[in-house]
Amino acid sequence: MEIARHWRLQRHRYALVGEVCNHCGEKIFPARDVCPQCNAPAKTPFTFSGKGEVYSYSTCTIRRRGSSNSPRMWSPLVRLAEGPLVAAQLTDVEGEKIEIGMPVEMVTRRVRD
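Residues numbered from 1 in each chain as written. Predicted model: local features only at pLDDT ≥ 70, side-chain atom pairs only at ≥ 80, totals over all residues. Heavy atoms only, no water.

**Remarks on the overall build of the protein chain**
To keep it simple, the criterion reads: Where helices and strands are cited, they refer to DSSP runs of H or I of at least four residues and of E of at least two residues respectively, numbered from the N terminus. Each residue is placed in one exposure class: buried if its accessible area under a 1.4 Å probe, protein chains only, is under 20% of its type's maximum, exposed if it is over 50%, and partly exposed if it falls in between. When checking whether two residues touch, look at their non-hydrogen atoms; a contact exists if any pair is within 4.5 Å. Using a 1.4 Å probe, the Shrake-Rupley method yields the accessible areas, and only the shown protein chains count as cover for residues.
A tally of regular secondary structure across the protein chain gives 1 helix and 7 strands. Ordering the α and β elements of the protein chain from the N terminus gives α-β-β-β-β-β-β-β. Across the 113 residues that make up the protein chain, the buried fraction comes to 22%. Look at the contacts in the protein chain between residues 6 or more apart in sequence, and 39% of them connect residues 24 or more apart. Summed over all atoms, the accessible surface of the protein chain reaches about 8600 Å², with 48% contributed by carbon and sulfur.

**Comments concerning the nonpolar core**
Convention followed: As used here, the term nonpolar core means buried Ala, Val, Leu, Ile, Met, Phe, Trp, Tyr and Cys residues forming a set that is joined through side-chain atoms within 4.5 Å.
Formed by Leu16, Phe48, Val54, Trp74, Val78, Leu80, Val86, Leu90, Ile98, Met102 and Val104, the largest nonpolar core amounts to 11 residues. Ignoring sequence-local partners within four residues, the contact set of Leu90 consists of Trp74, Pro76, Ile98 and Val104. Within the second largest apolar cluster, 5 residues are counted, among which are Cys21, Ile28, Ala40 and Ala42.

**Some words on the side chain of Glu19**
Spelled out, the test is: We treat Lys and Arg as the positive residues and Asp and Glu as the negative residues; His and chain ends play no part in the count. Just to be clear on terms, a salt bridge is a Lys or Arg side-chain nitrogen sitting within 4 Å of an Asp or Glu carboxyl oxygen. Two N or O atoms count as a polar contact when they lie within 3.5 Å, although within protein this holds only if one can serve as hydrogen donor and the other as acceptor, and sequence-adjacent residues are included solely when both atoms are side-chain atoms.
By the element assignment, Glu19 lies in strand 1 (residues 17-20). This buried residue, Glu19, is left without a salt bridge; Lys43 holds the nearest opposite charge, at 6.2 Å. At a separation of 3.3 Å, a polar atom in the side chain of Glu19 contacts the main-chain amide nitrogen of Arg32. Those residues in contact with Glu19 that lie beyond four places of it in its chain are Glu26, Lys27, Ile28, Ala31, Arg32, Asp33, Ala42, Lys43, Thr44, Pro45 and Phe46.

Right under this line is the structure:
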């Protein structure tokens, strides 16, 4: 099997799959063996919707020697609709238009060939 196909078949790479605690109902991402809230076993898989809102963000500027073009990347913390915070990368939005509380949705894209 080719490497690219192998990675495409790894469901957890393209979905937000975590766990839900059987004791307190806490939704956990990434998956862990023990719930961080109540220390009970967390064994039930849970797929998050991928929808949430920007909780906080920072702007990263990539400086290249000898170039006046400095690309920017916005790195937010996103609070998922189900509760957990995840680190992400924003696309399809101008930096000046990013706001805390702004609704976002997970999209999986090819980064490079």
